[in-house]
Amino acid sequence: MKKKVEEFVDKKIDKGIYSGCQVLIGRQGDVVLNLSLGSKAKGLASQADKVNENTLFNIESITKVMVTLPLTFKLVEEGRITLDDRVVNYIPEFATNKEKEKVTIRDLLNFTGGIPLDDPVCSEEAASKGDLKKAWNLHYTQELAYQPGTKVFYSDVSCRILGKLLERVMEKSLSLAAKEWIFDPLRMKNTMFNPQDKENCAATGKSDDGRLLRGELAQDLEHYLGEVLGSDGLFSTAKDMFVFSQMILNKGIYQGQRILGEITVNKMTEGVTNSGVYESPSSYLHYILSGPKTWFWEYAFSPHSFFGDLVSKKAIGKMGGAGTFLLIDPEYDLIIVYLTNYGQPERTLEGEEGWNKFQKDINVMGLCNIVLGNIK
């Protein structure tokens, strides 16, 4: 399998699809393959610029399942919130009409709150000028796109609002809570928001306003908001993500450190949680926007799944928009981490054409099929 995976990745690098990547395969609690290949940025060839197992990758939306989701369920098992609590109980500014007063934490986790995909008008301008209070108020007061509970529609805005809700309950930032409750106990020393050592980060191109994306988020609004968000912001390595994923497969514990209760992990990772409202995917873009999900996880056993044709019905996964992927398949006791610096400037994924190119270029489906087709 190692030779096949190396050949798969080497072809991508040789074609210039991305300059560097990490691939890690975990099976039955052990790391069976751990590759670091290529360079941290295009055009760099020195030894110092080579990707190694400590190189940080921008994992974008995987933040949702490694920070926002587990922190939510940590608060649930501590009795501090319930999934059917209304958002307005914690963010009164959200209550701009009767429909918004109905939106619950469960809705935010299922993308059924009616919150739009589009960023609030003028929020980026406000944040770029340092007026974060206005930028966040525009998030809270934005009108709904549809009636809560009637439709699944992916929204980073929704996840940012949930992140702020959690911070109000915890009385600390997402970054500090994740560090104290998850990353430090698991010794995930290479997982963080706002990495200071930019040279140790894989570069992912430039943002729409021309920022070099090395240790920074692609979306300019999220950059101006501070990059510690419920939607995105996390940087990590394949090895650290293996540790987190193995904790999930171990039902909340890793090397003696209990992070979440067994029943909590089951609730957080099993079954389709948006049954009755999700749409049967007709494309990769449709899959991410409105397809079946296990909370913030993509349900991997689905038409147009990113994760190939051989996953089990228990498999869950998550994609990061800069070209990073995580698959956990409990049926096969399997973890696949595929981190690239393909990159996602803000508007490259608008519409089917850009999205299909993204998937075809990186081809996580092919990688997952290779791995699953070659394990015993």
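Please refer to the structure placed before this passage.
The structure presented is a predicted model; accordingly, all values stated were derived computationally and were not measured.

Caption draft 1: Representation of the overall build of the chain in the model. Scanning the chain from N- to C-terminus turns up 14 helices and 12 strands. By the compact-globule yardstick of 21 Å for 376 residues, the chain fits well, its C-alpha radius of gyration being 19 Å. Looking at the chain as a whole, 58% of its 376 residues qualify as buried. In the chain, the proportion of contacts linking residues at least 24 apart, taken out of those at least 6 apart, comes to 62%. Carbon and sulfur atoms form 48% of the exposed surface of the chain, whose accessible area is close to 14900 Å². Side-chain charges of the chain comprise 45 positive and 50 negative groups, with the mean position of each set lying 3 Å from the other.

Caption draft 2: Here's a closer look at the sheet that holds strand β4 (residues 192-193). Taken in spatial order, the three strands of this open sheet run β3-β5-β4, and their pairing is antiparallel. On the outer flanks of this sheet lie β3 (57-58) and β4, each paired with one strand and no other. Looking at chain direction, β4 and strand β5 (residues 234-236) are connected through two bridges and run antiparallel. Following the sheet pairing, F193 is matched in β5 by L234.

Caption draft 3: Expanded view of the pattern of salt bridges. Under the counting rule described, the total for this entry stands at 20 salt bridges. When the shortest N-O distance is used, the salt bridge between E270 and K251 registers 3.3 Å. Placement of the pair is E270 in the loop between α11 (262-269) and α12 (284-290) and K251 in the loop between α10 (238-249) and β6 (253-254), with a sequence separation of 19 residues. Taking relative accessible area as the criterion, K251 reaches 26% and is therefore assigned partly exposed. Salt-bridge contacts for K314 lead to E331; the nearest nitrogen and oxygen are separated by 3.5 Å.

Caption draft 4: Structural context of the sheet that holds strand β2 (residues 30-38). Reading across the sheet, the seven strands line up as β2-β1-β12-β11-β10-β9-β8 and stay open at both edges, with antiparallel pairing between neighbours. Looking at strand neighbours, the two that pair on one side only are β2 and β8 (293-294), the edges of this open sheet. Relative to strand β12 (residues 334-340), strand β11 (residues 324-329) is paired through six bridges, and the arrangement is antiparallel. Note that in β12 the partner of D329 across the bridge is L334. Against the sheet, helix α13 (residues 351-362) touches β10 (316-320), β11 and β12, its axis set at about 110° to β10.

Caption draft 5: Structural context of the packing of aromatic side chains. Tallying each qualifying case throughout the model produces 14 aromatic pairs. Residues W136 and Y140 carry aromatic rings whose centres are separated by 6.2 Å and whose planes lie at 25° to one another, so their mutual orientation is stacked. In this pair, W136 and Y140 both sit in helix α6 (residues 132-141), four residues apart, roughly one turn of the helix. Across this residue pair, the class does not change: W136 and Y140 are buried.

Caption draft 6: Looking closely at the side chain of S245. The residue S245 is located in helix α10 in this model. Among the polar contacts listed, one links the side chain of S245 to the backbone oxygen of M241, at a separation of 2.7 Å. Non-local contacts of S245, meaning those with residues more than four positions away in its chain, are made with L326, I328 and I335.

Caption draft 7: Summary view of the packing of helix α7 (residues 156-170) against helix α8 (residues 174-183). Between α7 and α8, the least distance of the axes is 9 Å, while the angle of their chain directions is 65°. When the axis of α7 is compared with that of α8, the two are roughly perpendicular. Where α7 crosses over α8, the handedness of that crossing is left-handed. Residues G163, L166, E167 and M170 of α7 form the contact with α8, whose own contacting residues are L174, A177 and W181. Residues that form the contact of α7 with α8 fall into these classes: five nonpolar, one polar and one charged.

Caption draft 8: Inspection of the packing of α6 against α7 at higher detail. Where α6 meets α7, the closest approach of the two axes is 10 Å, and the angle between their N-to-C directions is 110°. When the axis of α6 is compared with that of α7, the two are roughly perpendicular. Of the two possible hands of crossing, α6 and α7 adopt the one that is left-handed. Between α6, through W136, H139 and Y140, and α7, the contact on the second element is made entirely by V157, R160, I161, K164 and R168. In terms of residue class, the contact of α6 with α7 is built from four nonpolar, one polar and three charged.

Caption draft 9: Representation of α7 within the structure. The terminal C-alpha atoms of α7 lie 21 Å apart, and with 15 residues this matches the ideal 21 Å at 1.5 Å per residue to within 8%. For α7, the tally of buried residues reaches 13 of 15 residues, placing the bulk of the element in the interior. In this structure S155 caps α7, since a side-chain oxygen of it lies 3.3 Å from the backbone nitrogen of V157. Phi for E171, located one or two positions after α7, is positive at around 60°.

Conventions adopted
- Residues numbered from 1 in each chain as written.
- Predicted model: local features only at pLDDT ≥ 70, side-chain atom pairs only at ≥ 80, totals over all residues.
- Heavy atoms only, no water.
- Helix = DSSP H or I, 4+ residues; strand = E, 2+ residues; numbered from the N terminus.
- Rg over C-alpha atoms; globule rule 2.2 N^0.38 Å.
- Buried < 20%, exposed > 50% of the residue type's maximum accessible area, 1.4 Å probe, protein only.
- Contact = heavy atoms within 4.5 Å.
- Areas by Shrake-Rupley, 256 points an atom, 1.4 Å probe, with all protein chains shown as cover.
- Lys, Arg positive; Asp, Glu negative; His and termini not counted.
- Charge placed at Lys NZ, Arg CZ, Asp CG, Glu CD.
- Pairing = 2+ DSSP bridges.
- Salt bridge = Lys/Arg side-chain N within 4 Å of Asp/Glu carboxyl O.
- Axes fitted to C-alpha atoms, helices over the stretch in contact; angles between N-to-C directions.
- Phe/Tyr/Trp six-rings, centres within 6.5 Å; stacked < 30°, edge-to-face > 60°.
- Polar contact = N/O pair within 3.5 Å; in protein donor to acceptor, adjacent residues only side chain to side chain.
- Parallel < 35°, antiparallel > 145°, perpendicular 65-115°, else oblique.
- Left-handed = near helix turned anticlockwise from the far one by under 90°.
- Nonpolar A, V, L, I, M, F, W, Y, C, P; charged D, E, K, R; others polar.
- Expected span 1.5 Å × (residues − 1).

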